[in-house]
Amino acid sequence: AWRYYPWVNWADGRENGQLKSVTYRKQRNDTMLKVEFHSQFGQYYDFKCNEYFVQFDGEECTQPAPIVTSLFTDKYSNSRSWGSAPPGELSGFCNATSRGQILSGPLAVSIHINSRCSG
């Protein structure tokens, strides 16, 4: 069963940490989770790179891969306000974290940001 969680005014200017979290109840053990996060991704500084990523009960996905996207702004991008930030999507599937397979039951699904891009 899918769920839709609308978040209004989620961007508060933070550069690191958890942005939002929801509790989702996974129904079955033999399924993967699909996460989609659509929004305006922005940052306040030129020459800046931020990663947006998903965690499940405080752990990133390891199987099949982490769910992450990066946004880099250069001096020409003029991203000084969130209203002019580009639209973006963070999406992927997850079956397991470093703790093992994600089993049925309640699960904290959270969106995070950090200012250290890995690539």
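Before reading further, recall that the structure is shown in the block above.
Residues numbered from 1 in each chain as written. Predicted model: local features only at pLDDT ≥ 70, side-chain atom pairs only at ≥ 80, totals over all residues. Heavy atoms only, no water.

1. Focus on the nonpolar core
- In this structure, V54, F56, I67, L90 and V109 are the most contacted members of the largest nonpolar core, which totals 19 residues.
- Elements supplying a minimum of two residues to this core: β1 (17-26), β2 (33-40), β3 (48-56), β6 (87-97) and β8 (105-114).
- With 4 residues, β8 is the single largest residue contributor to this core.
- In this structure, F56 is in contact with L33, V35, C61, I67, C94, T97, I102, L107, A108 and V109, ignoring residues within four places of it in sequence. (Core = buried A, V, L, I, M, F, W, Y, C linked by side-chain atoms within 4.5 Å. Buried < 20%, exposed > 50% of the residue type's maximum accessible area, 1.4 Å probe, protein only. Helix = DSSP H or I, 4+ residues; strand = E, 2+ residues; numbered from the N terminus. Contact = heavy atoms within 4.5 Å.)

2. Some points on the pattern of salt bridges
- With the rule as written, the count across this model stands at 3 salt bridges.
- Measuring nitrogen to oxygen at the nearest pair gives 2.6 Å for the salt bridge that ties D30 to R28.
- A salt bridge links E36 to K34; its shortest N-O distance comes to 2.9 Å. (Salt bridge = Lys/Arg side-chain N within 4 Å of Asp/Glu carboxyl O.)

3. What about unusual backbone geometry?
- In this model, Q63 is joined to P64 through a cis peptide bond whose omega is 10 degrees.
- Within the secondary structure layout, P64 lies in strand β4 (residues 59-64).
- The phi angle at D57 is positive, at roughly 50 degrees, despite the residue not being glycine.
- Counting through the fold element by element, D57 comes out in the loop between β3 and β4.
- When its relative accessible area of 36% is taken as the criterion, D57 is described as partly exposed.

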